[in-house]
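Notes for the structure review
Spelled out from the first residue to the last, the chains are:
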Amino acid sequence: VAGMVCDPSGLLLALERRMTALADAHRFEEAAEVRERGALLARAALAFAETTALLDAAEFVIVHEERAYLIRDGQLAAAGPAGGDVLARLRASARSCPVHGFWAPDVLAEARVIISWLRRNAAGLRLIHVGGTWALPPGARPNDRFRVK
């Protein structure tokens, strides 16, 4: 569990070594299976780290194309025009379900949609408030370990 939660690089390195050993032994089908498991594990670890980071941020406000969005507990809590005292305005109209150590399926689904949107629009986003800690551990960064070359 710690390998997934804290730093998956040890698990991924072990799979990479196993895949390399199988390929060196000309056991290509087995190496391909290990590669697929490694890619799945890497995607799952990244998704977990991104979701955890989003929920750990507690609340944050981003602006995209002159529209402000308040994300609270991994959910879109409020949206409105940017400008003025946007944080107070968004907080006044915010609606979200509190997350207290349990991630309900609908909250997780919404958090994944928000993460996908953030990734697609990252170049045009401006962060104007973070209420908690919004960071990914270095080991969560994607890499090309299990990419077919």
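Just so we're clear, the structure is a prediction, and the values are computed from it rather than from any experiment. (Residues numbered from 1 in each chain as written. Predicted model: local features only at pLDDT ≥ 70, side-chain atom pairs only at ≥ 80, totals over all residues. Heavy atoms only, no water.)

Brief notes about the pattern of salt bridges
Quick note on the threshold: Should a side-chain nitrogen of Lys or Arg be within 4 Å of a carboxyl oxygen of Asp or Glu, the pair is scored as a salt bridge. Comment: elements are numbered from the N terminus, with helices defined as DSSP H or I runs of at least four residues and strands as E runs of at least two. A simple rule labels every residue: compare its accessible area, found with a 1.4 Å probe on the protein chains alone, to the largest value its type can have, and call it buried under 20%, exposed over 50%, or partly exposed in between.
Per the counting criterion, the structure on display carries four salt bridges. Of the charged contacts, one joins Glu30 and Arg27 as a salt bridge, the two residues approaching to 2.7 Å between their closest N and O atoms. Glu50 is paired through a salt bridge with Arg119; the nearest N and O atoms lie 2.5 Å apart. Taken together, the residues span a long stretch of sequence, with Glu50 in helix H3 (residues 28–56) and Arg119 in helix H5 (residues 105–120) at a distance of 69 residues. According to the relative accessible area criterion, Glu50 is buried, its value standing at 14%. Linked by salt bridges that have partners in common, Glu59, Arg72 and Arg91 make up one network.

Observations concerning the sheet that holds strand E1 (residues 59–64)
Stated precisely, the cut-off is as follows: We treat two strands as partners when DSSP finds at least two bridges between them. Working convention: axes come from line fits to C-alpha atoms, limited for helices to the stretch in contact. Angles between N-to-C directions cover 0 to 180 degrees. We call two residues contacting when some pair of their heavy atoms lies within 4.5 Å.
In spatial order, the strands read E3-E2-E1-E4; together these four strands make up an open sheet with antiparallel pairing. Both edges of this open sheet fall to strand E3 (75–81) and strand E4 (125–130), since each of them pairs with a single strand only. Neighbouring strand axes in the sheet, compared pairwise and without regard to direction, differ in orientation by 25 degrees on average. In the sheet, E1 pairs with strand E2 (residues 67–72) via six bridges, with the strands oriented antiparallel. Bridge pairing in E2 links Val63 to Ala68. Against the sheet, helix H4 (residues 86–93) engages E1, E2, E3 and E4, with an angle of about 125 degrees to E3. Along the sheet, H5 makes contact with E1, E2, E3 and E4, crossing E3 at roughly 45 degrees.

Let's talk about the packing of helix H2 (residues 9–24) against H3
The line we're drawing: Each angle gets one of four labels, with under 35 degrees taken as roughly parallel, over 145 as roughly antiparallel, 65 to 115 as roughly perpendicular, and the rest as oblique. In a left-handed crossing the near helix is turned counterclockwise from the far helix by less than a right angle, and in a right-handed crossing that turn is clockwise. Classification used: nonpolar for Ala, Val, Leu, Ile, Met, Phe, Trp, Tyr, Cys and Pro, charged for Asp, Glu, Lys and Arg, polar for all others including Gly.
Orientation of H2 relative to H3, taken along the N-to-C sense of each, is 165 degrees, at an axis distance of 8 Å. For the element pair H2 / H3, the angle class is roughly antiparallel. The handedness of the crossing between H2 and H3 comes out as left-handed. Listed contacts from H3 to Leu11, Leu12, Leu15, Arg18, Met19, Leu22 and Ala23 of H2 are Phe28, Glu30, Ala31, Val34, Arg35, Arg37, Gly38, Leu41 and Ala42. Of the residues belonging to the contact of H2 with H3, the class tally is eleven nonpolar, one polar and four charged.

With respect to the packing of H3 against H5
Two elements in contact, H3 and H5, have axes separated by 10 Å at closest approach and are oriented at 100 degrees. Looking at the two axes, H3 sits roughly perpendicular to H5. Packed against H3, whose contacting residues are Glu50, Thr51, Leu54 and Leu55, the element H5 presents Val107, Leu108, Ala111, Arg112, Ile114, Ile115, Leu118 and Arg119 at the interface. Here the residues of the contact of H3 with H5 sort into eight nonpolar, one polar and three charged.

Considerations on the pairing of E2
Each regular strand shows side chains that alternate between the opposite faces of the sheet. The loop that links E1 with its antiparallel partner E2 comprises two residues; one of these, Glu65, has a positive phi angle of about 50 degrees. Here E2 pairs with E3 via six bridges, running antiparallel. Bridge assignment links Ala68 to a residue of E3, and that residue is Gly80. Once E2 ends, the chain turns through two residues before running back antiparallel as E3, passing Asp73 with a positive phi of about 50 degrees.

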